[in-house]
Amino acid sequence: MTTTDVPQRTSGARPPGRPLSTELSGQLVAVAMDILADEGWGRLNSDRVAARARAGKAGIYRRWPTMAALARHALSTTTLVAVPEDAGSLRADLCALLGPWTQPLNREERAAASLVGAARHDEELRAGLDEALVHPLAAGVRELADREATRGRELPDERIALLGQVLQALWWQRYTSFGAAPMTAAQVEHLVEDVLLPITDPAAAPGR
């Protein structure tokens, strides 16, 4: 069944009928997340979700009008960017922010990674990735900049924006470099020292 096979409803509209089971909703989301993480977006369809969850397809479409809406909802239950505790310096904060990069992609990250290509052509998926990664990352970068300001060094807005853009590009690269080994802690430190910190202070760039 394609997304055009079911009637569309207004976003946020309550589905008709009896109240939805929270337990079943959670089970459907978990199944969708497993499929995305282990098999990819191309394998997410109502037949597979219903079979794995032992539920009816009607129950799926009462909750989400399309598979993209289901995937977006699944992403909303995850934390893809965790702002670290204050480590005492911008350098240490950035290293902590990128600390997960020393580990393989987890289940939620693999699910998100499976949507990156399709999101270029699907507004719902794109919105889901924005909500799960782009906006939290921007907020995290702003939090790190605010911490630096309390330490006595206020970063220019344009430098904060550029730092966020570079981090976002690196995050997408991590998600799409399938098969790439995780970075080592030393590699993360070099990335912070040689690429990210110079963005915040061009005078500190290597060779200057």
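Everything below is about the structure shown above.
### Some points on the packing of helix α9 (residues 157-176) against helix α10 (residues 185-200)
Phase 1 of the analysis: Running from N to C, α9 and α10 cross one another at 145 degrees; their axes reach a closest spacing of 8 Å. Note on element contacts: α10 touches α9 through Leu-191, Val-195, Leu-196, Pro-198, Ile-199 and Thr-200, opposite Arg-159, Leu-162, Leu-163, Val-166, Leu-167 and Leu-170.
Phase 2 of the analysis: Taken together, the residues of the contact of α9 with α10 sort by class into 10 nonpolar, one polar and one charged.

### Points about the layout of surface pockets
Phase 1 of the analysis: By volume, the largest pocket is sized at about 400 Å³.
Phase 2 of the analysis: Around the largest pocket, the lining comprises 22 residues; the ones closest to its centre are Leu-105, Arg-174, Tyr-175, Ser-177 and Ala-180.
Phase 3 of the analysis: Residue assignment for the lining of the largest pocket shows that the elements contributing at least two residues are α1 (22-38) and α9.
Phase 4 of the analysis: Top element by residues in the lining of the largest pocket is α9. It accounts for four residues.
Phase 5 of the analysis: Of the residues that constitute the lining of the largest pocket, the class distribution is 12 nonpolar, six polar and four charged.

### A closer look at the side chain of Arg-147
Phase 1 of the analysis: Tracing the sequence through the fold places Arg-147 in helix α8 (residues 123-150).
Phase 2 of the analysis: Residue classification places Arg-147 among the buried residues on the basis of a relative accessible area of 10%.
Phase 3 of the analysis: Within the structure, the side chain of Arg-147 is placed 3.5 Å from the backbone oxygen of Glu-85, a separation counted as a polar contact.

Quick notes on the rules
Residues numbered from 1 in each chain as written. Predicted model: local features only at pLDDT ≥ 70, side-chain atom pairs only at ≥ 80, totals over all residues. Heavy atoms only, no water. Axes fitted to C-alpha atoms, helices over the stretch in contact; angles between N-to-C directions. Helix = DSSP H or I, 4+ residues; strand = E, 2+ residues; numbered from the N terminus. Contact = heavy atoms within 4.5 Å. Nonpolar A, V, L, I, M, F, W, Y, C, P; charged D, E, K, R; others polar. 1 Å grid on protein atoms, 1.4 Å probe; cavity = no way out; pocket = protein on both sides within 12 Å on 5 of 7 lines; lining within 4 Å. Points joined across faces, edges and corners; volume = space filled by probe spheres on them. Buried < 20%, exposed > 50% of the residue type's maximum accessible area, 1.4 Å probe, protein only. Polar contact = N/O pair within 3.5 Å; in protein donor to acceptor, adjacent residues only side chain to side chain.

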